[in-house]
Amino acid sequence: MDIALRKQKILAAVIERYIATGEPIGSKSLLSADGLEVSSATIRNELADLTAKGFLIQPHTSAGRIPTEYGYRYYVDKLMKRKEPDERVRRYIDNRIRSANDAPEHILKAASETASEILSTAALSTTPIGDNARVHRVKFVQTGRHTSMVVLITSSGMVKSRLFRCDFAITPEMLNVFDRALNEKLAGQPLSYVNRPFAQTFAASFGELGLLMPDMLTAVMEACREALGMNVYVSGTTRLLYQSDIDLRTARGVLEFLGDTENRDKLLRGLPEETRVFIGKENNPPLLRRSSVVATRYTIENQPAGIIAVIGPTRFDYSSAVPTLEYIAQTVGEQIDELISIRQ
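All values reported here derive from a predicted model rather than from experimental measurement.

Regarding the overall build of the protein
(1) Moving on: Along the backbone of the protein there are eleven helices and ten strands.
(2) Moving on: Relative to a compact globule of 344 residues, whose C-alpha radius of gyration would be 20 Å, the protein shows 26 Å and is clearly more extended.
(3) Moving on: Dimensions of the protein, computed from the C-alpha atoms along their principal axes, are close to 90 × 40 × 35 Å.
(4) Moving on: When the accessible surface of the protein is split by element, carbon and sulfur atoms take 49% of a total near 16,900 Å².
(5) Moving on: Each charge class in the protein was averaged separately, 43 positive and 41 negative side chains, and the resulting centres sit 4 Å apart.

Topic: the sheet that holds strand 4 (residues 135–142)
The pairing of strands in a sheet happens through backbone hydrogen bonds and is either parallel or antiparallel.
(1) Moving on: Spatial ordering of the open sheet is given by 4-5-6, a layout of three strands whose pairing is antiparallel. Of all the strands in the sheet, the pair left with one neighbour each is strand 4 and strand 6 (159–165). Neighbour-to-neighbour, the strand axes of this sheet turn through a mean angle of 20 degrees, independent of strand direction.
(2) Moving on: Where strand 4 meets strand 5 (residues 147–154), seven bridges bridge the pair, whose relative direction is antiparallel. For Val138, the partnering residue across the bridge sits in strand 5 and is Leu152.

Describing the packing of aromatic side chains
(1) Moving on: A full pass over the atoms with the stated rule returns seven aromatic pairs.
(2) Moving on: Judged by centre distance (5.2 Å) and plane angle (50 degrees), the ring pair of Tyr193 and Phe198 falls under tilted.
(3) Moving on: An aromatic cluster is built from Phe55, Tyr70 and Tyr74, whose rings are joined through pairwise contacts.
(4) Moving on: Above the ring of Tyr18, the side-chain terminus of Arg315 is found at 5.7 Å from the ring centroid.

Here we look at the nonpolar core
The tendency in soluble globular proteins is for nonpolar side chains to be buried side by side.
(1) Moving on: Residues Leu11, Val294, Tyr298, Tyr318 and Val332 are the most contacted members of the largest nonpolar core, which totals 53 residues.
(2) Moving on: Sorting elements by how many residues they give to this core places helix 11 (residues 318–343) first, with ten residues.
(3) Moving on: Dropping the residues within four chain positions of it, Val294 is found in contact with Arg276, Val277, Ile308, Ala309, Val310, Phe316, Tyr318, Ala321, Val322 and Leu325.
(4) Moving on: Val138, Ala199, Ala223 and Cys224 belong to the second largest nonpolar core, which has 30 residues in total.

Digging into the sheet that holds strand 8 (residues 276–279)
(1) Moving on: Here five strands make up an open sheet; going across it, the order is 7-3-10-9-8 and the pairing antiparallel. Bordering the open sheet on either side are strand 7 (232–235) and strand 8, each of which pairs with just one other strand. Ignoring which end each strand starts from, the neighbouring axes of this sheet average 20 degrees apart.
(2) Moving on: Where strand 9 (residues 292–300) lies against strand 10 (residues 303–312), eight bridges are found, and the strand directions are antiparallel. Paired with Ser292 across the bridge in strand 10 is Gly312.
(3) Moving on: Contacts from helix 10 (residues 261–269) reach strand 3 (122–126), strand 7, strand 9 and strand 10 within the one sheet, and its direction differs from that of strand 7 by about 105 degrees.

Some words on helix 4 (residues 87–98)
(1) Moving on: In this model, helix 4 (twelve residues) spans 16 Å end to end at C-alpha, consistent with the 16 Å of a helix rising 1.5 Å per residue.
(2) Moving on: You can read the cap of helix 4 off the contacts: a side-chain oxygen lies 3.2 Å from the backbone nitrogen of Arg88, and it is on Asp86.

Some remarks on the environment of Arg180
(1) Moving on: When you line up the elements, Arg180 lands in helix 6 (residues 172–186).
(2) Moving on: The exposure class assigned to Arg180 is exposed, which follows from its relative accessible area of 55%.
(3) Moving on: Considered as a pair, Arg180 and Lys139 are 41 residues apart in the sequence and their alpha carbons are 9.3 Å apart.

Parameters at a glance
Residues numbered from 1 in each chain as written. Predicted model: local features only at pLDDT ≥ 70, side-chain atom pairs only at ≥ 80, totals over all residues. Heavy atoms only, no water. Helix = DSSP H or I, 4+ residues; strand = E, 2+ residues; numbered from the N terminus. Rg over C-alpha atoms; globule rule 2.2 N^0.38 Å. Areas by Shrake-Rupley, 256 points an atom, 1.4 Å probe, with all protein chains shown as cover. Lys, Arg positive; Asp, Glu negative; His and termini not counted. Charge placed at Lys NZ, Arg CZ, Asp CG, Glu CD. Pairing = 2+ DSSP bridges. Axes fitted to C-alpha atoms, helices over the stretch in contact; angles between N-to-C directions. Phe/Tyr/Trp six-rings, centres within 6.5 Å; stacked < 30°, edge-to-face > 60°. Lys NZ or Arg CZ within 6 Å of the ring centre and 35° of its normal. Core = buried A, V, L, I, M, F, W, Y, C linked by side-chain atoms within 4.5 Å. Buried < 20%, exposed > 50% of the residue type's maximum accessible area, 1.4 Å probe, protein only. Contact = heavy atoms within 4.5 Å. Expected span 1.5 Å × (residues − 1). Polar contact = N/O pair within 3.5 Å; in protein donor to acceptor, adjacent residues only side chain to side chain.

Written as structure tokens, this is what we have:
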């Protein structure tokens, strides 16, 4: 449903003032709104019509109006004016994330903490979803006469390692042979390619020498399997308890959702590539149907990767949350790209 320009201005004014104050908005308080040069009676009529159309609700007969979920949806899609983070906020984001640029996991943990601090709500970030990740490099580091470590570097910058032990004495020459052969076969291959059939075929191609490889290949497969997983970093859950618009039941629902790793990760993996805002009942998990979720993806080498999101009340400053999250995501992507280039 579309509405006339004057109604759009009134609806935007109601929502923005309600987000700022948390108090129902009456006609008199709208007389000073920009671009509204009409009488109080006209505003009352427009408010009544917006209420009848489902954009607003009147909690009590003598009270002002507050937005419905439908009203918020219309506002976010058609009326919202983005409040880009100012220079001070951008500098703070840059410094917080760059200070953690020794590993993608540290960058992403800093991202969730920064989003939570700036937007005063719960936030989360995920490592790149490994379904599209590829093997960048496999390295071997000898740690003892019979022990060594395999180090896997993925195309998304993730580093995974596994120790393995052999019954025979390991030599640097032997590790060099394994190193060259594995990287020749695996460089650029999807992580999922490194499975048991691959290991069996690879070992068989070395004849008798292949009998020495099972422990090493098992370690490589385990490192790839771990890299395929998705780590989630959650910050600021206690901030939900201080949100005036979130009651105990709603806060408990968010905490239960964040703790349900199976359903949480399933939802995160299914999020679209573009920035999205989910309001109230638009959230598929019932535990989040009294909350709002703002989510975006960061990119690695121009490809969509993991998620950065915040969860808060439906009375949420969407106009600040969306561009702030997008700036954090942009910074995260740049820092991980830089890290990958250093490791190449």
